[in-house]
There are 2 protein chains.
Amino acid sequence: MPASYTTKKTAVKMTGAVRSRSAQTGNSQSRRAEPSPPRVVIENVQPAVDGGRFAVKRTLGEAVRVSADIFAEGHDALTAVLLYRHASEAGWREAPMRELGNDRWEGSFTVGELGSYVFTITAWVDHFRTWRRDTEKKLLAGQDISVELRVGASLIENTAGRAAASDQKELEAWAASLHGKSRVQERARSALNEEMAAKAERYPDRSVATLYSSELPVRVDRERAGFSAWYEFFPRSAGENGKHGTLADCERRLDYVASMGFDVLYLPPIHPIGHTHRKGPNNTPESGGSDPGSPWAIGAGEGGHKAIHPQLGTLEDLRRLRQRAAKRGIELALDIAFQATPDHPYVREHPEWFRHRPDGSIQYAENPPKKYQDIYPFDFESTHWRELWEELKSIFVFWLEQGIRIFRVDNPHTKPFAFWEWVIAEIRKDYPETIFLSEAFTRPRVMYFLAKLGFTQSYTYFTWRNTKHELTQYLAELTQTGVREFFRPNFWPNTPDILPEYLQYDGRPAFAARLVLAATLSSNYGIYGPAFELLENTPLAPGREEYLNSEKYQIRRWNLKQPDSLHDLIARVNRIRQENPALQNNRSLRFHDIDNDQILAYSKSSDDGSNWVVVVVNLDPFHRQSGWLQLPLEEFHLDPGQSYQVHDLLSNARFFWQGARNYIEIDPHAIPAHIFLVRRRVRSEKDFDYFM
Amino acid sequence: MPASYTTKKTAVKMTGAVRSRSAQTGNSQSRRAEPSPPRVVIENVQPAVDGGRFAVKRTLGEAVRVSADIFAEGHDALTAVLLYRHASEAGWREAPMRELGNDRWEGSFTVGELGSYVFTITAWVDHFRTWRRDTEKKLLAGQDISVELRVGASLIENTAGRAAASDQKELEAWAASLHGKSRVQERARSALNEEMAAKAERYPDRSVATLYSSELPVRVDRERAGFSAWYEFFPRSAGENGKHGTLADCERRLDYVASMGFDVLYLPPIHPIGHTHRKGPNNTPESGGSDPGSPWAIGAGEGGHKAIHPQLGTLEDLRRLRQRAAKRGIELALDIAFQATPDHPYVREHPEWFRHRPDGSIQYAENPPKKYQDIYPFDFESTHWRELWEELKSIFVFWLEQGIRIFRVDNPHTKPFAFWEWVIAEIRKDYPETIFLSEAFTRPRVMYFLAKLGFTQSYTYFTWRNTKHELTQYLAELTQTGVREFFRPNFWPNTPDILPEYLQYDGRPAFAARLVLAATLSSNYGIYGPAFELLENTPLAPGREEYLNSEKYQIRRWNLKQPDSLHDLIARVNRIRQENPALQNNRSLRFHDIDNDQILAYSKSSDDGSNWVVVVVNLDPFHRQSGWLQLPLEEFHLDPGQSYQVHDLLSNARFFWQGARNYIEIDPHAIPAHIFLVRRRVRSEKDFDYFM
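This one's a predicted model, so the numbers in the text were calculated from it and none came from an experiment. (Residues numbered from 1 in each chain as written. Chains lettered and ligands numbered in written order. Predicted model: local features only at pLDDT ≥ 70, side-chain atom pairs only at ≥ 80, totals over all residues. Heavy atoms only, no water.)

**Q** What is the right way to look at the overall build of chain A in this model?
**A** Along chain A, the regular secondary structure elements total 15 helices and 30 strands. Each of the three principal axes of chain A carries a C-alpha extent, and together these read 105 × 75 × 45 Å. Here chain A holds 692 residues, and 59% of them are scored as buried. For chain A, the proportion of contacts with a sequence separation of at least 24, taken over those separated by at least 6, is 74%. The averaged location of the 90 negative side-chain charges in chain A is 3 Å from the averaged location of its 87 positive side-chain charges. (Helix = DSSP H or I, 4+ residues; strand = E, 2+ residues; numbered from the N terminus. Buried < 20%, exposed > 50% of the residue type's maximum accessible area, 1.4 Å probe, protein only. Contact = heavy atoms within 4.5 Å. Lys, Arg positive; Asp, Glu negative; His and termini not counted. Charge placed at Lys NZ, Arg CZ, Asp CG, Glu CD.)

**Q** Can you walk me through the pairing of strand S22 (residues 524–528) of chain A in this structure?
**A** One face of the sheet, then the other: side chains in a regular strand alternate in exactly this way. Residues and elements named next belong to chain A. Most of S22 is tucked away: five of the five residues are buried. Burial along S22 is two-sided: Asn524, Gly526 and Tyr528 and Tyr525 and Ile527, pointing in opposite directions, are all buried. Examined bridge by bridge, strand S11 (residues 228–232) and S22 share five bridges and lie parallel to one another. Counterpart to Ser228 in the pairing with S22 is Asn524. Bridging between strand S21 (residues 490–491) and S22 involves two bridges; their strand directions are parallel. Across the sheet, the residue bridging to Phe491 is Tyr525, located in S22. (Pairing = 2+ DSSP bridges.)

**Q** Before we go on, may I ask you to explain the side chain of B:Arg253 in this structure?
**A** Residue and element names in this part refer to chain B. Within the secondary structure, Arg253 is located in helix H6 (residues 247–259). The side chain of Arg253 is buried and forms no salt bridge, while Glu533, the nearest opposite charge, is found at 6.5 Å. Excluding residues within four positions of it along the chain, Arg253 makes contact with Phe233, Ser237, Ala238, Pro530 and Leu560. (Salt bridge = Lys/Arg side-chain N within 4 Å of Asp/Glu carboxyl O.)

**Q** Sorry, what's going on with the sheet that holds strand S7 (residues 104–110) of chain A here?
**A** Hydrogen bonds along the backbone pair up the strands of a sheet, which may run parallel or antiparallel. Residues and elements named next belong to chain A. Ordered by their spatial adjacency, four strands build an open sheet running S1-S3-S7-S6, and the pairing between neighbours is antiparallel. The sheet is open, and its two edges are formed by strand S1 (41–46) and strand S6 (98–101), each paired on a single side. The sheet shows a mean angle of 35 degrees between the axes of neighbouring strands, direction not considered. Looking at chain direction, S6 and S7 are connected through three bridges and run antiparallel. (Axes fitted to C-alpha atoms, helices over the stretch in contact; angles between N-to-C directions.)

**Q** Hey, could you run me through the environment of A:Asp167 in this one?
**A** Residue and element names in this part refer to chain A. Residue placement: Asp167 occurs in helix H3 (residues 165–178). Dropping the residues within four chain positions of it, Asp167 is found in contact with Lys199, Arg202 and Tyr203. Here the side chain of Asp167 touches Arg202 through a polar contact of 3.3 Å, side chain to side chain. (Polar contact = N/O pair within 3.5 Å; in protein donor to acceptor, adjacent residues only side chain to side chain.)

**Q** Would you mind going over the packing of aromatic side chains with me for this structure?
**A** The geometry of an aromatic ring pair is captured by the separation of the ring centres together with the interplanar angle, meaning the angle of the planes. Scanning the model with the defined rule gives 101 aromatic pairs over all chains in all. Ring geometry for A:Phe338 versus A:Trp420: centroids 6.0 Å apart, planes at 20 degrees, classification stacked. Of this pair, A:Phe338 sits in the loop between strand S13 (331–336) and strand S14 (339–340) while A:Trp420 is found in helix H10 (residues 417–430), placing the two residues 82 residues apart along the sequence. Comparing A:Phe338 with A:Trp420 shows no difference in burial state: the two are buried. With a centroid separation of 5.5 Å and an interplanar angle of 75 degrees, the aromatic rings of B:Trp389 and B:Phe419 are classed as edge-to-face. With B:Trp389 in helix H9 (residues 385–401) and B:Phe419 in helix H10 (residues 417–430), this residue pair connects regions lying 30 residues apart in the sequence. Like B:Trp389, the residue B:Phe419 is buried in the burial classification. Three or more aromatic residues joined by ring pairs make a cluster, and in this case those are A:Phe338, A:Phe380, A:Trp385, A:Trp389, A:Phe396, A:Phe407, A:Phe419, A:Trp420, A:Trp422, A:Phe436 and A:Phe455. The ring of B:Tyr502 is capped by B:Arg514, whose NZ or CZ atom sits 5.7 Å from the centre of that ring. (Phe/Tyr/Trp six-rings, centres within 6.5 Å; stacked < 30°, edge-to-face > 60°. Lys NZ or Arg CZ within 6 Å of the ring centre and 35° of its normal.)

**Q** Just checking my understanding: could you explain unusual backbone geometry for this structure?
**A** The phi torsion of most residues other than glycine is negative, and most of the peptide bonds are trans. Residue B:Pro369 follows B:Pro368 across a cis peptide bond; omega there is 5 degrees. Among the secondary structure elements, B:Pro369 is positioned in the loop between strand S15 (365–367) and strand S16 (370–372). Cis peptide bonds are those with omega within 30 degrees of zero, and the linkage from B:Gly529 to B:Pro530 qualifies with -10 degrees. With respect to the helices, strands and loops of the structure, B:Pro530 is situated in the loop between strand S22 (524–528) and helix H14 (567–579). Look at A:Asp50: it is not a glycine, yet its phi comes out positive at around 50 degrees. Of note, A:Asp50 is situated in the loop between S1 and strand S2 (56–59).

**Q** Hey, could you run me through the sheet that holds S21(A) in this one?
**A** Residue and element names in this part refer to chain A. Pairing in this open sheet of eight strands is parallel, and the strands run S20-S19-S18-S13-S12-S11-S22-S21 from one edge to the other. Two strands bound the open sheet, and with one partner strand each, they are strand S20 (457–458) and S21. Pairing analysis gives four bridges linking S13 to strand S18 (residues 406–410), with the strands arranged parallel. Bridge pairing in S18 places Asp335 opposite Arg408.

**Q** Honestly, the packing of H6(B) against helix H7 (residues 315–327) of chain B in this entry has me stumped. Any pointers?
**A** Two quantities define a packed helix pair, namely the angle between the axes and the distance from one axis to the other. Residue and element names in this part refer to chain B. In the contact formed by H6 and H7, the axes pass within 9 Å of each other and the chain directions differ by 5 degrees. By the angle between their directions, the pair H6 and H7 is classed as roughly parallel. For the pair H6 and H7, contact is made by Leu247, Ala248, Cys250, Glu251 and Leu254 and by Asp317, Leu318, Arg320, Leu321, Arg324 and Ala325, respectively. Considered class by class, the residues forming the contact of H6 with H7 number seven nonpolar, no polar and four charged. (Parallel < 35°, antiparallel > 145°, perpendicular 65-115°, else oblique. Nonpolar A, V, L, I, M, F, W, Y, C, P; charged D, E, K, R; others polar.)

**Q** In this structure, what is going on with the environment of B:Asp263? I would like to understand it.
**A** Residues and elements named next belong to chain B. Among the secondary structure elements, Asp263 is positioned in the loop between H6 and strand S12 (264–267). Taking relative accessible area as the criterion, Asp263 reaches 7% and is therefore assigned buried. Sequence spacing of Asp263 and Pro509 is 246 residues, and the spatial spacing of their C-alpha atoms is 25 Å. Setting aside its immediate chain neighbours within four residues, Asp263 contacts Arg224, Phe227, Ser228, Ala229, Gly329, Ile330, Glu331 and Gln578. Here Ala229 takes part through its backbone nitrogen, which lies 2.8 Å from a polar atom of the side chain of Asp263.

**Q** Just to check I follow, could you spell out the packing of helix H2 (residues 146–162) of chain B against helix H3 (residues 165–178) of chain B for this structure?
**A** Residues and elements named next belong to chain B. One can describe the packing of H2 onto H3 by two numbers: an axis separation of 8 Å at closest approach and a directional angle of 170 degrees. If you check the angle between H2 and H3, you find them roughly antiparallel. In this structure, H2 contributes Leu149, Gly152, Ala153, Ile156, Glu157, Thr159, Ala160 and Gly161 to the contact, and H3 contributes Gln168, Leu171, Glu172, Trp174, Ala175 and Leu178. Its residues assigned to classes, the contact of H2 with H3 comprises eight nonpolar, four polar and two charged.

If you want it as C-alpha cells, here you go:
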C-alpha cells in the first residue's frame, strides 16, 4: 500500500512521478473513501538544468515553453496544466497544456518580471472527457448508449457541484437532459453539446491529480542580458598627445563609441595600481619607475577595489561618465578582479585573508613553475573566510551604489564555486537587474558550471573557432542543446589578452569576417578597441597570441580616423542587429548547406517568424569563394515556386531568388559576408520597384 | 554565508554539488575554525535512471562502472572515491576513482549479492598531492624549494596525526627529514620519496570533502534476468491424438524443449476458463459448447487465479513438472493476467473490485467501439483498492510458494503504474530472485516506464523491426543509450498474438534469419512454439498479423518431427549462445559497415574482450546477397598486418581473413547467417591444423 495511505509495513514508495497531490478538492460521489494513488506519470520535464538544481535563464517578456512526457496506463483521456508563479507570488497561475503526440505535452508562459519564477505540472485522468470521447465513438458505431447517458449525467452532476454558482444550474439542467424521459436520440444529441462540454471542462475533478515532484526555477534577467554589443577600451589610452587618459577623456570618446552602435562600454579596472613587482612593457618582470603597470594589479597606497586611480579621476567623474554614456544609450560595465598587489590596503589591514608561508611571507600567485609575485590571491579557505566573502560582496555593492549594473568578472574560475553562487544570489536580491559576465577561459565543465551558478553571460571558445566545422559544432552545442538554457555566450573576436592567430596573418578581411560572425552568431558580442577596428595585429612574437606592446602594460596612442578603420562596417552591423529581431536571439540559429567548406551559411529568425535573416560568410580571407546555398524555404513559408527577394543589409544590394538553391560568390576584399534579409514576395507599393 | 555555517540572513544555498560532508574527521592545524565550504563539484554521475528516482539494473557478478564530472576551481589536485554498499550493509565500501581527462572521472565496483545496492561519490581538494606535484615541478625548474619543504613537512605531520599507529612514526620521521638540518638537495630527494608518498596518501585530509547529493540505487538480479532463452507452448496442445493436453503431457515434452537448448519454459495461463461469452475458434464471438476458450479468460466455477484448470491437472502435477524441468536446466515461467471472466469467483465474492454501471451490470473491457464482454477488468480506482491490491499480490505469492520464480505479466500497461511499483517491490523483499517479464506492446514511454518501475525484462518492438535501418536504429536505442540501464529487452520473433508479416510470406529463410537475429542481438529472447520451429505462417486473413486457427482459441496438433523443422538450427544457436560469453550481454553490441543494405553485420564481445563474435545476417529471404564487411580490428587488438581466423559456428566452416575488409556472401536458402567466432592468430597446437 502507498505509504501515504497506510501505516502497515507493506508500503509502496509514492515518490516522484506517482506522488499524490495533497489538495483534495473532490466531492465526487464515487470517491468518498481515500482515493487510490494518482495514475498519471509526469516525466522528463523541460527546460530544466540538472533536474532543477539550477535555474533556466530567460529575459523579460520571453516565453518559457515547457514540455513533458505525460501518460497513464490504459487509454483514458488526460488533462495537464502548467503551474507557474513569480517567486514573490503565493499562489500558482495556470496555463493549459496540449499533447503533441507520442505522450509528449507542451504549454508555455511568459515571464514579465525580473527575478525568479518557478513552474511545475499537474495532470489527472479526466473521467468526464473520457466519457465524452467514448460515448461519441459508440454513437458513431450505432451502439445503444442509454447506460452511457446515465453515466454521463452522474459525471455532470458532480461537475455542477464543483462549478461556480453562475454555471451550476445550467450544468444541472444539462445532466437532467441526459437521464430525462425524452427519446435516446434526443438525449444523445444533448450529450454531444459542445458548449456545455466546454463549460463542464472548467470544473474538472482534480481530486486524484499527480503533481510533478519538483518546482523548476527560471531566472529572469533584463533584455540586455540577452542582447548586447560591448566595446572595451583602456581609459588611460584615451588621453590626448600621449598623456595619461582620464575619465573626462572617456566622456569625449563616448560619441565615437555611440557612432559605432555599441550599448555597453566596458572599462578594464580603474583602481590604483600596485608598485611592488610592477610589470613593465610587454610583461617584463620589473618596470621602470614611469611605467603605468597592469590595471589588474589592484591596490596601492591610494586604495584598493573601492578607489579610483588618481590619474583617471574621481568617483564624481565616474558618475558623470556613466550619466553621459546613458544619454547615448550606452551602459558602463566595470571589471571586478578579486586579487591584490602586495601594496593593497587589505594586505596590511587583513593579512588573515591571504595565505602565509612558513617563512612569514605571503603566498603570491603561481602556476608552477611560473610565479606572479606582483599578485596575492585571496585565501578563500582562510579561517576568516566569512569576513572575506562579505568584504568582496561589499565591493560589488559599492559600485552598484555608484549606478553601475554590469560587471565583467575577471578569472572567476580561480575562486570557489560556492562563493559565486552565494555572492551573485545576494546581489540579485537587491539588484535583480545586475549583469555578471564571466571571464573564464578554462575547461568546458568549469565554464558551464559558473554559468549555472548565476553568471548572466560568459566568454566562450569562439575566439579560437575558425573553420566551418569548428563553428558549426560549437554553435550547435551552445544553441541547440541544454546548454542554451543556462549559458549565454558573449562572443569576442579579440581581448587585451588574446590576439588570435587568425587575425594575425590575414588582415582586414579576417577582422571583418570575425566581426560579422561574432555579431550575428551570438546575440551578445564585444570587441576590444580601438585595437580591433584599427586592425592591430602584431603579436608579441611569432606563434604567440598576445599583442606586442599590449595596453595591459603601457599606454597606447590610437588614430581613430585611420582610413582603413572598420568603424563604418561595425556601425552598419550594429544597426542591422538593432533593426532585426532575428539577430537578437540565439535559439533560432540554423546552419544551411552550402557546397564549399570555406563558406559558412546560417540564419536566425524572430519568435513569430516574421523576421528571417540569412548570413553567409567567406571564412577564407585570401580568396574569392563561391557555392550553391540551400535554404529550407518551407520552414519559412516561402513557396518554392514563387520568387522572393533577398536584401543584403551590408551592401544594400537586392537579389531576386527562386527556389531553394541559389548561387553565392564572395570576394573577401570587398565585404567578406552577406547579411540577407529575406522578404517574402508580398505585392505592396514598397516592394513594387524591385519586382517590376 | 552558507546556511550551514551561519544564522544570518545572508545565506548561500549549500545544496547539490557544493553540499558539505557532515563527517568532520580533520585535525588539520590550519582548520581549527569552521571550515570554508567544500570546493569540489560532483556532477552528471552515471549510471543513473532519472537522477536516481529508479534503480540501474545489473546481474550478479557484473561491474557497475561509475563516471562523473568532478572538478574544483583552480588547479589543485583532487582525490575522488566511489562509495557503495549493499542495502543490507550499514557502512560504505570504497573504491578509487581516476581521472579520464577533461574533468571526467571513473571508478567501478562489482555486485555480488541479490537485492539493492546504492552508490555515491565523495571528492576533495588534496593539499598533500597538490604540494607534491608542484614541488616536483619547481625542483625540475631549478627553483629554491626550501620554503616548500617546510610546507610539506607540516602537511606530512598532519597526515601522521590521522595515520594508523603502525605508520605514524614513519610519517613523522619523513616530515622531520624535510625540515631537518641536512642540505636542501638531500631533503628534496626525501620529499620525492614515492613509497612514503603512497603511505601518506592512505590518510588524506577529508575534513572538507564534497559528498554527491544523491545515493543512486542499483538493483541486482540473478544471471538469468540478463541471459535467457524462452520457449512458450500451450499445455493443452501437448496431448496425444488430439486430446486435451495435461501437465503430465508437458513433462513428456521437456526433453524436446531441452534438446533445443531453452532454459525457460513459459506456459500461458493454466487456470480455469470462463464460460460466459467464451470465444470460439478464431476469436468468434460465441463458442460452441465444446470449445476450450482462451486461457486468458480466467476464472470459472472451479476457481480463479490460484486454481489449475481441471483438464490440465493438479498443483501436485505442476510442482512435479517444475522439478523435472529443473533437472533438465529448464525453469518454469507462469503467466499472470490480472483480469476476470464473469464467472470468476471474485465477481461473486468481491463485486466491489469491479466497476458497476448505472443499470447494475459490471463494466466489461472495452476500447470503444470494441467490446470484450468475456472480460471484466479490475477497478484499480475502487474504494476497496487496498484489498484488491493485496489480493493481487497474494496471487504472485501463491505461485512463488509452488516454487515458481518467473512470471510473464500480461498487459501490465492497462493497470496503474503505482500498483506495479508497489507489488514488485513487495515481492522482491522476500523473493529477490523473482523475474518479471513485462508483456506491454504499447507506446514507448509506457513500455520504458514499466521497466523503470521494476519489471526485470520486457517485450519489445523487435517483432516489427525488419530492415537494416530499423534494426540498427532500435538496437542503438536499446543498447547504447541510458535505456540500457533499466530496460532489458526480450526479443520474440513471434507470439500467439503476433504472426508478423515478414514471417508470413517468406518461409523458412525468414524464420531462420529472425531466429538468429533475436538470439544474437538480444541476450534474452524467446519463441512461441511449436508454431515457430514448424514454420507455421498462415495468417487469419491477408493483411492480418494473427494466426489462422490460433491456439489461443483452440487446441492444435503439431508434428514435432516435421522434416523442415528448425529444431536443429535452434539447438545450434542456443548452444553457441551458451558457449560464447559475448552473446550473453547487450552492452557490447556494435554494428559494422557492410556495403549492402540487405546484410546486417554486428558483433558482441565478452567483458574482458577475449570472446569476440561477429554475426552477419542476410535480411533478404529470397536472394543471395554479398558485400564487403569492414571490421574494427584495432578495437579487438588484431594486427591488420596479420591473418586471423573466423570460425562460422553455424556451418562449422573456417575462414582465413586478413585486414579489415573481407568479402561475405550469403545464400538464404542454406543458412541465412554467419555467426563467426573470431580467433586471433595464436600459434598453439589447437590452431595449428588450420593454418598449415
